[in-house]
Amino acid sequence: MIFGKIIPRLMLGFLLLSPLPLAGLAWLYVEAFESTLQQSALDNLSSLADTKSDRINTYINERLADSRLLAQSLAVLETLQAHSVLQANEGIASPRYEAGEHVYRGYVSALFESMHYYDLLLIDTAGNVVFSILHESDFGSNLNTGPYRDTTLAKAHREAIALLDIQITQARPYAPSAGKPAIFIVSPIFKAGKVIGTLALQMDLDKLTAVAGDSIGLGKTGETVLAQLDGNEVLYVSALRHIQEAAFRYRIPLDKVAVPMRSALTGGHDKGITRDYAGVEMIGAWRYLPVLRWGMVVKMDAAEAFAPLYRLQKFSLVALGFLFLVAGMVALLIGRTLVAPIRQLIIATERIAGGDLNHRAPLVGCDEFQQLAVSFNTMAEHLQFQHTHLERQVEQRTADIRFAMEQLNEAQHIAQVGSWELDSSNGILVWSDEIYQLIEIDKNQFGATYQAFLNAIHPEDRDAVNEAYSRSLQTHEPYQITHRLLMPDGRVKYVTERCASYFGADGKPIRSVGTVQDVTELKCAELALKCLNDELEQRVQQRTELLLKAKEEADRANSAKSEFLSRMSHELRTPMNAIMGFAQLLETDRETPLTPDQADNINEILHAGQHLLELINEVLDLARIETGRVELSLEPVEVPSLIGECTALLQPLTVGRQIELKLDVDGIGTVQADRLRLRQILLNLLSNAVKYNRDKGSVLISCQSAAEDRVRIAVRDSGRGIPADALLRLFKPFERIESAYDGIEGSGIGLALSKRLVEAMGGSIGVESVAGAGSTFWIELPAAEAEVYPPAGSATVGGMQNSYVKAHTVLYIEDNPANLRLVRKVISTHTSLLLLDAHTAEQGLGVAAAHHPDLILLDINLPGMNGFEALRRLQEDPVTCDIPVIAISANAMERDIKKGLAAGFTDYLTKPLDIPKFLALLDTILK
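A brief look at the structure comes next.

Rules behind the numbers
- Residues numbered from 1 in each chain as written.
- Predicted model: local features only at pLDDT ≥ 70, side-chain atom pairs only at ≥ 80, totals over all residues.
- Heavy atoms only, no water.
- Helix = DSSP H or I, 4+ residues; strand = E, 2+ residues; numbered from the N terminus.
- Buried < 20%, exposed > 50% of the residue type's maximum accessible area, 1.4 Å probe, protein only.
- Contact = heavy atoms within 4.5 Å.
- Areas by Shrake-Rupley, 256 points an atom, 1.4 Å probe, with all protein chains shown as cover.
- Phe/Tyr/Trp six-rings, centres within 6.5 Å; stacked < 30°, edge-to-face > 60°.
- Lys NZ or Arg CZ within 6 Å of the ring centre and 35° of its normal.
- Pairing = 2+ DSSP bridges.
- Axes fitted to C-alpha atoms, helices over the stretch in contact; angles between N-to-C directions.
- Core = buried A, V, L, I, M, F, W, Y, C linked by side-chain atoms within 4.5 Å.
- Right-handed = clockwise from strand over helix to strand, strands pointing away.

### Things to note about the overall build of the protein chain
Inference 1: Helix and strand counts for the protein chain stand at 23 helices and 30 strands.
Inference 2: A buried classification covers 42% of the 927 residues belonging to the protein chain.
Inference 3: At a minimum sequence separation of 6, the contacts of the protein chain that also span at least 24 residues come to 61%.
Inference 4: Accessible surface computed for the protein chain: about 50,400 Å², of which carbon and sulfur atoms make up 56%.

Laid out in structure tokens, this is it:
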């Protein structure tokens, strides 16, 4: 081989070592340049992405501020009210409507034009578009029932009224605007805390997408891509460099979208090198725009971004090739000068290897080679001396080995481990002395034979030992086996045998070596431990069966408890529906008003009924928590705002008794909790502080930070306090301290329920009280980052005025005569509806098919066919399938309500019936 000679090797080594530092330096430089260039490009694109994201967010936030400002302006409020009435009474083409529009259009148009929008619309709660700047085809239509009821504007209008917050829509084609894409900002309009309609601003999309057209800092191939999710597809809302007229036209399934845009649309905020929508390698940064729910990718082609790197790599390769050529020529010249002295050393080495220890190498070549020859000759002399010394050492080592064998035998005897070796070629077997001791035979009378060892093995274990050795010879793997030895006197020993065999090139065994160790004591202990483990496993199995049986009993008890509570809730709510319903009718009867004494009596009935209903709800809540079925929606909750809502509700209770409410919540406190459940807890603590306080007393509500990122909310009253021996009973269900609170209404469930709810939200609750000085109840909850919440308001619709376009028919299927009379009385007193009734589901199906009512009210628990089966048949019948059906039931458990809505009921009302809510629902569905 050419590289077996010294000159080629010297040339190869010189070529590798000479340019190697320069090659390494060049590689490090290119790598550093590549890393710097890549990081610089990524940072630049990330900065551009952040800037564009900020521009879009700032633009949207300014538009949201415009919407809030306009929705709160007096002119918009008056315009909405006046035009809503005129449109309902006279229509948009009437002279009075046109005159009214002329009054407000100038001011509203001035505000609108200064803010650069496409259109501005005002919509009342019924869905009527009562005002528009452009008077497109949506003007005068109804967004709930008209041709545009399925548009994004209609959906945003309904969500703004339901959620009491500003809604912003996705970009969708809007038919009234010639099918052009449109985004609406819809804001609820309040009057006296109630929603009276919405303000809709139609944005100018050209200003929003202008950010994508700005390619400053992105080179020739850079672009900004904007897209939004549309179901399971992605719709690109900006122009694309590789696809003509892509804006609002090009859509693609989500699973086929390029990685950057898919990551951006799912909330990603990153940068990197990947491929774009056209499959071109790119470098870019992507962001998620949460307000618009858009994804944004700022990118440029990798070929343009890394062009300087490619030029540097090409130059480095050319320079290294030239250096390798020069180094090869230098190595060839140096190698020839080194070969001659080395050949002389090779000849001397061959002579000494042949046994001529008196031969010496000549002193030729440069100083280094002469020094090498001197060292070589010195080594030869030393080797000759060592050869003589080694012969003497062999004799000494032989004696040492003999002594070591004697020590080994003694060690084997102490460890009770014997060794053996079998020569497979001649069958000679050698035992150590300890094996003779283990088998208990005389070394001088018996030789080391395999048959003698087999005779000592217990008859039941001989086949296993033979099989283990035979399998080891077949598989060429060592083996280990524990078996018994049977002594001549009948005793049994346990031994562990280990063996390894060695094989020749032909695969046949050469020799086998192994050990035999006495493990009798260890085996006896192992057998005793096994018996003990078997006994323990039997005990564990018995205990497990007992525990499983106890668990089954507990599960059956919980199931029976839930069923009992559900049944009791139903049985209690059914008579309460008649009690509270007829009491509300008596209270609101304008034809035969009540005397003052009768009004007081009705108020007592309603108060007692409401108290009983609250008690039922608290018992059900407590049962749900104890069975682990409570559902919480944890979110950041701003405590000062929530406390303000609660104190506003309690204000009437404090005025009569001249109790002063003090707040110490200047610091912003935000907790992670379920907002509705936390409001329930605070109302319970505050109402207790008022009820159990003294007249002209005070209640202090404070909110402050606690240890370990927690917030403490405390309610301190100036009442009589709680005895120390009664504090432990406060948070137990149905426990009341009657001696301290005689004559004060209560159930003893509120504090127990509050404790369960606080603990379910990861918090804690406690009390501190001093007899005669008042009490302080506190809760601690995990802190959270503050968020901006919409202003609290009431969505209750009162003073219903029903003005249906035509007489509507309502069918009520109910087997309870009192409930039927109640609904008939409510409808006859407050509406102009025609009520049909049926006492069974079968009868109700016949009435529905014959008269086709506009609405069906359906009880769940009916004799014969139940409400769910009746609903299914109504839905399957082509004649009745389009009739809305509302469930009215005393089954008020949360699972019952979810089951009803999932079955297809339009709404689910629980007994006792809330008459104002019932009338509002009728007005919403039928109007």
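### Some details on the environment of Q875
Inference 1: By the secondary structure assignment, Q875 is in helix α21 (residues 867–876).
Inference 2: Overall, Q875 belongs to the partly exposed group, its relative accessible area being 38%.
Inference 3: For Q875 and V885, which are 10 residues apart along the polypeptide, the C-alpha to C-alpha distance reads 9.7 Å.
Inference 4: Setting aside residues up to four positions removed in sequence, Q875 forms contacts with C881, A903 and G904.

### Describing the packing of aromatic side chains
Inference 1: The full count for this structure, using the stated rule, is 5 aromatic pairs.
Inference 2: Ring centres of F868 and F905 lie 6.0 Å apart, and the angle between their planes is 70°; on these two criteria the pair is classed as edge-to-face. You can see F868 sitting in helix α21 and its partner F905 sitting in the loop between α22 (894–903) and β30 (907–910), a full 37 residues away along the chain.
Inference 3: Judged by its relative accessible area of 22%, F868 falls in the partly exposed class.
Inference 4: Aromatic ring contacts, followed pair by pair, group Y236, Y250 and Y277 into a single cluster.
Inference 5: Positioned above the aromatic ring of Y59, the side-chain terminus of R63 is 4.6 Å from the ring centre.
Inference 6: The ring of Y502 has R511 sitting right over it, with the charged end atom 4.7 Å from the ring centre.

### Side note on the sheet that holds strand β23 (residues 710–717)
Inference 1: Overall, mixed pairing links the 5 strands, which are arranged β20-β22-β23-β25-β24 in an open sheet. The open sheet is flanked by β20 (660–664) and β24 (764–770), the only strands paired with a single partner. The mean inter-strand angle of the sheet, taken between neighbouring strand axes irrespective of direction, is 15°.
Inference 2: Strand direction decides the pairing type here: β23 and strand β25 (residues 774–782), joined by 7 bridges, are antiparallel. Paired with R712 across the bridge in β25 is E780.
Inference 3: Strand contacts of helix α16 (residues 639–657): β20, β22 (698–706) and β23, with the helix running at about 175° to β20, the strand carrying the most contacts.

### Some words on the environment of L909
Inference 1: Note that L909 resides in strand β30.
Inference 2: Between the alpha carbons of L909 and S889 there is a distance of 6.5 Å; along the sequence they are 20 residues apart.
Inference 3: For L909, the contacting residues outside a window of four places in its chain are I886, A887, I888, S889, K917, F918 and L921.

### Structural notes on the nonpolar core
As a rule of thumb, soluble globular proteins bury nonpolar side chains together.
Inference 1: Grouped together as the largest cluster of nonpolar side chains are 51 residues, with contacts concentrated most on I56, I60, L122, I183, L208 and W294.
Inference 2: Not counting chain neighbours up to four residues away, the residues in contact with W294 comprise Q170, A171, I183, L208, L226, A227, Q228, V237, L265, R287, Y288 and L289.
Inference 3: Counting residues in hydrophobic clusters, the runner-up holds 38 residues, among them L686, V715, L757 and F777.

### Section: unusual backbone geometry
Inference 1: For L164, which is not glycine, the phi dihedral falls at a positive 60°.
Inference 2: Within the secondary structure, L164 sits in the loop between α5 (152–163) and β3 (167–168).
Inference 3: Unusually for a residue other than glycine, R293 sits at a positive phi of about 60°.

### A word on the pairing of strand β29 (residues 885–889)
Walk down a regular strand and you will see the side chains alternate between the two sheet faces.
Inference 1: Buried residues dominate β29, accounting for 5 of its 5 residues.
Inference 2: Alternating positions in β29 separate into two faces, V885, A887 and S889 on one and I886 and I888 on the other, with burial throughout.
Inference 3: Of the strand pairs in this sheet, strand β28 (residues 855–858) and β29 are connected by 3 bridges, and their pairing is parallel. When the bridges of β29 are listed, I856 appears paired with V885.
Inference 4: What joins β28 to β29 is α21, and the crossover it makes is right-handed.
Inference 5: One crossover worth recording links β29 to the parallel β30 by way of α22, and it is right-handed.

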